[in-house]
Amino acid sequence: MLDHDKIHPGNPLPQKDDHLSCGRFEQVLREGHFAVTAELAPLDSSLATDVYEQARLFDGFVDGMNATDGSGAHCHMSSVAMCATLANVGYSPIMQISCRDKNRIAIQGDVLGAAAMGVSNMLCLSGDGVQVGDHPEAKPVFDLDSMSLLEIIRGMRDKSKFLSGRKITSAPQVFLGAASNPTAPPIHYRPDRLAKKIAAGADFIQTQYIYDIAQFKTFMAKSRDLGLVDKCFILAGVGPLASARTANWIRTNVPGIDIPDVVVDRLAGSENQKLEGQKICIELIQQLHEIEGVSGVHVMAYRQEAAVADIIKKSGVLGDRKPWYPGIE
Amino acid sequence: MYSVRQWSVTNSKHLGKFYNLFELALFKLHPVFKAIGYDRLEKPVRVIEHAVKGFLFDCQMCGQCALSSTGLSCPMNCPKNLRNGPCGGVRLDGHCEVKPEMRCVWVEAWRGSALMEDSNAIRQVQVAVDFSLKGSSSWLRVSRENAAAKALLDQAGEV
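This structure is a prediction, so every number in the text was calculated from the model and none was measured.

A. Representation of the nonpolar core in the model. Formed by 88 residues in total, the largest nonpolar core has its most connected members in Met122(A), Phe216(A), Ile259(A) and Leu288(A). Beyond its immediate stretch of four places on either side in the chain, Phe216(A) contacts Pro182(A), Thr207(A), Ile210(A), Ala236(A), Leu288(A), Ile291(A) and Val294(A).

Next up, the structure:
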């Protein structure tokens, strides 16, 4: 007979005193290690084995993996299900929550459900507009924005209450994240907006792709002046560009991603553009590692997920550390 | 109208000052509003408010006006209805990712905010929108809430 009392999704670790979650990702950051996270490929499948196959690509090289929530406004397997599947074998997935497709009633239900399944990291996003996706005729919800979503989940965790004020019997113990885009206008105010996200409840930040290190350094300098790096962990976003053509396409068609000419020219002038793109990514990771206040990197290698392990290995930022994965000795 | 909306942001300093006086007047008028009855006033005030704020700010009558915290750029004109923008998708020329022909409502908000007396108001986190208030008058709500807040203060003073 099934003993329900013995079911513990993901066999959670014992939660440390000053920690908000029992997840491995928070532990790595709080221990002061340079953390590495990576974005899982979105899945158009209904097989749990496909989720594990994607996760295994990162085994031994990442401390957390992000499951996107309808990335680029396209239909994919839900982030709740992907994260629950991963947490079940002990991974520390980061569940992205977008405000585009669900209202406050649905989202709060998902937060409780995911926490019950062992998901201990959640990343609050506003979400892309539906016009960029495969269902541009869909109704955009946007009942909340990333900031109010942070406040709501923090309230669920710290006050054991829904937004309505109704009591939650067992609060979700989650480590809360948010995104930041240091290189999009109004650039001067981006650190102020980061401050707002921290005030709303962000414990960690994953940024949009950084290709302009100089601009990012300015952002980090102001963030340090505002005291923000002491209040949250900042992971800088990176990713390998497949070719100069891809870089140009992204610059023109994906709003909010700034790729300087010098990067595109370097790609265009190389013999193997794909390899050069990965080399640039490795160099960026190494440079970001040296910036004061940067707690880690977040690798978004769209359609190059299989190259992530090699990129991280060559960057050397993990040192002798080998992040946990199921089956590690 | 888009051009008037941008004019309002450019002139947020003076319009903001004018609004502060207007808000004070609304507060002073509370006894009058109360005597007539807030419910009875709701419809005519709503019509006037929509006409004025619709012209100046393309107001969408969310019923919980945030203009004084958003540099007089109405956040409900953001296609994502962000109350704490801008999102990460702002184009390099400062235009909206969803509506490329429009300047980002929140780039405008930070511009207008910098000109206003209380330029720090935009740094406060705005709570989630209460959609049950859509279509109702913010002016009457401000009058009622300010009067209630003052009554509470007076009460605390007496104790």
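B. Inspection of the pairing of strand 1 (residues 35-39) of chain A at higher detail. Residue and element names in this part refer to chain A. Within strand 1, five of the five residues are buried, which leaves the element mostly enclosed by the surrounding structure. Alternating positions in strand 1 separate into two faces, Ala35, Thr37 and Glu39 on one and Val36 and Ala38 on the other, with burial throughout. Looking at chain direction, strand 1 and strand 8 (residues 294-299) are connected through four bridges and run parallel. What sits directly across from Ala38, in strand 8, is Val299.

C. Examining the pattern of salt bridges more closely. Scanning the model with the defined rule gives 22 salt bridges over all chains in all. The residue Arg157(A) makes a salt bridge to Asp158(A) at a minimum N-O spacing of 2.8 Å. Owing to a relative accessible area of 8%, Arg157(A) belongs among the buried residues under this scheme. Overall, Asp158(A) belongs to the partly exposed group, its relative accessible area being 48%. Here Glu108(B) ties to Arg103(B) by a salt bridge, and the two come within 2.9 Å at their closest N and O atoms.

D. Geometry of the side chain of Ser92(A). Residue and element names in this part refer to chain A. Among the structural elements, Ser92 can be located in the loop between helix 3 (79-87) and strand 3 (93-98). Assessed through its relative accessible area of 7%, Ser92 is described here as buried. Among the polar contacts made by the side chain of Ser92, one reaches the main-chain amide nitrogen of Phe25 at a distance of 3.3 Å. Within the structure, the side chain of Ser92 is placed 3.0 Å from the side chain of Asn121, a separation counted as a polar contact. The residues contacting Ser92, other than those within four sequence positions of it, are Gly23, Arg24, Phe25, Asp63, Gly64, Met65, Ser120 and Asn121.

E. Inspection of the packing of helix 6 (residues 190-200) of chain A against helix 7 (residues 213-225) of chain A at higher detail. Residues and elements named next belong to chain A. Two numbers describe how helix 6 lies on helix 7: the axes approach to 9 Å, and their chain directions differ by 50°. Of the possible angle classes, the one that applies to helix 6 and helix 7 is oblique. Considering how the two elements wind past one another, helix 6 and helix 7 form a crossing that is right-handed. Note on element contacts: helix 7 touches helix 6 through Phe219, Lys222 and Ser223, opposite Arg190, Pro191, Asp192 and Leu194. Grouping the amino acids of the contact of helix 6 with helix 7 by side-chain chemistry returns three nonpolar, one polar and three charged.

F. Structural context of the sheet that holds strand 6 (residues 204-209) of chain A. All names here are of chain A. Ordered by their spatial adjacency, eight strands build a closed barrel running 1-2-3-4-5-6-7-8, and the pairing between neighbours is parallel. Averaged over all adjacent pairs, the angle separating strand axes in this sheet is 25°, with direction ignored. The pairing of strand 4 (residues 121-125) with strand 5 (residues 175-180) spans four bridges and is classified as parallel. Counterpart to Met122 in the pairing with strand 5 is Leu176. Here helix 3 sits on the sheet and contacts strand 2 (64-67) and strand 3; the angle it forms with strand 3, its principal contact strand, is near 170°. Relative to the sheet, helix 10 (residues 273-289) contacts strand 7 (233-238) and strand 8, its axis offset from that of strand 7 by approximately 160°.

G. Highlighting the interface of chain A and chain B. With 28 residues of chain A at the interface, the matching set in chain B holds 29 residues. The largest share of the area that chain A buries against chain B comes from Tyr189(A), Lys196(A) and Pro255(A), three residues that together contribute 24% of it. For the salt bridge of Arg123(B) with Asp192(A), the shortest nitrogen-to-oxygen distance reads 2.9 Å. The tally of links from chain A across to chain B stands at 14 residue pairs in polar contact (both at pLDDT 80 or more).

H. Spotlight on helix 6 (residues 138-158) of chain B. Residues and elements named next belong to chain B. Its 21 residues place the ends of helix 6 30 Å apart at the C-alpha level, agreeing with the 30 Å of an ideal helix rising 1.5 Å per residue. Taken residue by residue, helix 6 has Ser138, Trp139, Leu140, Arg141, Val142, Ser143 and Ala147 as its buried positions. Considering only its buried residues, helix 6 is in contact with helix 2 (12-28), helix 3 (30-36) and helix 4 (38-57). Regarding helix 6, its N-cap is Ser137, as a side-chain oxygen of that residue lies 3.3 Å from the backbone nitrogen of Trp139 further along.

I. Local environment of the packing of aromatic side chains. Tallied over the entire structure, the rule returns 11 aromatic pairs over all chains. Where Tyr209(A) meets Tyr211(A), the ring centres are 5.9 Å apart and the plane angle is 20°; that geometry is what we call stacked. Take Tyr209(A) and Tyr211(A): they sit in the same class, and that class is buried. With 5.9 Å between their ring centres and 20° between their planes, Phe216(A) and Phe219(A) make a pair best called stacked. With a gap of three residues between them, Phe216(A) and Phe219(A) both fall in helix 7, about one helical turn apart. Owing to a relative accessible area of 4%, Phe219(A) belongs among the buried residues under this scheme. Against the face of Trp324(A) rests Arg24(A), its NZ or CZ located 3.8 Å from the ring centre. Directly above the ring of Tyr38(B) sits Arg144(B), whose terminal nitrogen or CZ lies 5.1 Å from the centroid.

Criteria and thresholds
Residues numbered from 1 in each chain as written. Chains lettered and ligands numbered in written order. Predicted model: local features only at pLDDT ≥ 70, side-chain atom pairs only at ≥ 80, totals over all residues. Heavy atoms only, no water. Core = buried A, V, L, I, M, F, W, Y, C linked by side-chain atoms within 4.5 Å. Buried < 20%, exposed > 50% of the residue type's maximum accessible area, 1.4 Å probe, protein only. Contact = heavy atoms within 4.5 Å. Helix = DSSP H or I, 4+ residues; strand = E, 2+ residues; numbered from the N terminus. Pairing = 2+ DSSP bridges. Salt bridge = Lys/Arg side-chain N within 4 Å of Asp/Glu carboxyl O. Polar contact = N/O pair within 3.5 Å; in protein donor to acceptor, adjacent residues only side chain to side chain. Axes fitted to C-alpha atoms, helices over the stretch in contact; angles between N-to-C directions. Parallel < 35°, antiparallel > 145°, perpendicular 65-115°, else oblique. Left-handed = near helix turned anticlockwise from the far one by under 90°. Nonpolar A, V, L, I, M, F, W, Y, C, P; charged D, E, K, R; others polar. Buried area = accessible area lost by both parts, 1.4 Å probe. Expected span 1.5 Å × (residues − 1). Phe/Tyr/Trp six-rings, centres within 6.5 Å; stacked < 30°, edge-to-face > 60°. Lys NZ or Arg CZ within 6 Å of the ring centre and 35° of its normal.

Geometry only, nothing functional implied.
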